[in-house]
Amino acid sequence: MESYLINDTAKLSNEAIIDELMQHYGEDVLKLVMQYVHNNAVAEDLTQEIFVKCYKALPSFQYGSSLKTWLWRIAINHSKDYLKSWYAKNVEAKDDEVFMQVESGTSVEQEVIQQQEDDNLVKAVMTLPVKYREVIYLCYYEDQTMKEMAEILQISENTVKTRLRKGKQLLKKHLEREENG
């Protein structure tokens, strides 16, 4: 899917391409959006809007990057636009779902401890400024390379490295403060 060439996509309709994008990357886009909005219901709505945007923009796709990179760029920009909107600043959406899922195959006690640790880590990541949070998310949750992150975020690889290093330092300080007091 990611290695679509012009010839590959020429054989498929826009509907088929969007359908495959949604099947392959729907959950990943949802998780990415969740990193920005911190609310599952809002993230689901924005994810739908992102795929509608992709569908409408597909005829103008330039093939200068992979479809996945293009989709991630749209998702990030749409999420940032939402955060700047009046709605995001003035309306509070309620959502009680747990962001991280507990892995199965462990004892209940281990699951509870792991869930608490995961929740603490997610909360700590969410306290980071967006520019650090997005590189940490792309690196550790999406396993993106430095080059891919630079392309998605439209910044240099050195900036990605700097933000990742600074983000990890801020995260470490936050977790140490939580642990000590």
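If you look the protein chain up in an unreviewed UniProt entry, it shows as Sigma-70 family RNA polymerase sigma factor from Solibacillus faecavium. UniProt, in its Sequence similarities (unreviewed entry) section for the protein chain, records the words "Belongs to the sigma-70 factor family. ECF subfamily."

Participant: Help me understand a nonpolar patch on the surface in this model?
Facilitator: Taken together, the side chains of Leu121, Tyr140, Tyr141 and Leu175 define a hydrophobic patch exposed on the protein surface, amounting to about 330 Å² of accessible area. Tracing the backbone through its elements, the reader meets Tyr140 in helix 7 (residues 130–141). On the basis of relative accessible area, Tyr140 is assigned to the partly exposed category, the value being 46%.

Participant: What is the right way to read helix 8 (residues 146–153) from this model?
Facilitator: The periodicity of an α-helix, 3.6 residues per turn, causes residues three or four places apart in sequence to face the same way. Taken together, the buried positions of helix 8 are Met149, Ala150, Ile152 and Leu153. For helix 8, the arc enclosing every buried residue in end-on projection is 165°, short of the 170-degree limit, so these residues lie on one face. In the core, the buried residues of helix 8 are packed alongside helix 4 (67–84), helix 7 and helix 9 (157–180).

Participant: Even after reading the chapter, I still don't get the environment of Ser85, so can you show me in this structure?
Facilitator: Relative to the helices and strands, Ser85 is located in the loop between helix 4 and helix 5 (86–90). A residue is classified by how much of its surface remains accessible, and Ser85, at 22% relative accessible area, is partly exposed. Within polar-contact distance, the side chain of Ser85 engages the backbone oxygen of Tyr82 at 2.6 Å.

Participant: What should I look at first to understand helix 9 in this one?
Facilitator: Counted at 1.5 Å a residue, the expected span for helix 9 with its 24 residues is 34 Å, and the 34 Å between its end C-alpha atoms agrees. For helix 9, the complete set of buried residues consists of Val160, Leu164, Gly167, Leu171 and His174. In this fold, the buried residues of helix 9 make contact with helix 6 (108–127), helix 7 and helix 8.

Participant: Before we go on, may I ask you to explain a negative patch on the surface in this structure?
Facilitator: A cluster of acidic residues, Glu27, Glu44, Asp45 and Glu49, forms a negative patch on the protein surface. Looking at which element gives the most residues to the negative patch, the answer is helix 3 (residues 40–57), with three residues. Its place among the elements puts Glu27 in helix 2 (residues 14–37).

Basis of the calculations
Residues numbered from 1 in each chain as written. Predicted model: local features only at pLDDT ≥ 70, side-chain atom pairs only at ≥ 80, totals over all residues. Heavy atoms only, no water. UniProt positions renumbered as here; feature names shortened; annotations may be inferred. Patch = residues over 30% accessible without salt bridge, like charges linked within 9 Å, V, L, I, M, F, W, Y side chains within 5 Å. Areas by Shrake-Rupley, 256 points an atom, 1.4 Å probe, with all protein chains shown as cover. Salt bridge = Lys/Arg side-chain N within 4 Å of Asp/Glu carboxyl O. Helix = DSSP H or I, 4+ residues; strand = E, 2+ residues; numbered from the N terminus. Buried < 20%, exposed > 50% of the residue type's maximum accessible area, 1.4 Å probe, protein only. Arc of directions from axis to C-beta. Contact = heavy atoms within 4.5 Å. Polar contact = N/O pair within 3.5 Å; in protein donor to acceptor, adjacent residues only side chain to side chain. Expected span 1.5 Å × (residues − 1). Lys, Arg positive; Asp, Glu negative; His and termini not counted. Charge placed at Lys NZ, Arg CZ, Asp CG, Glu CD.

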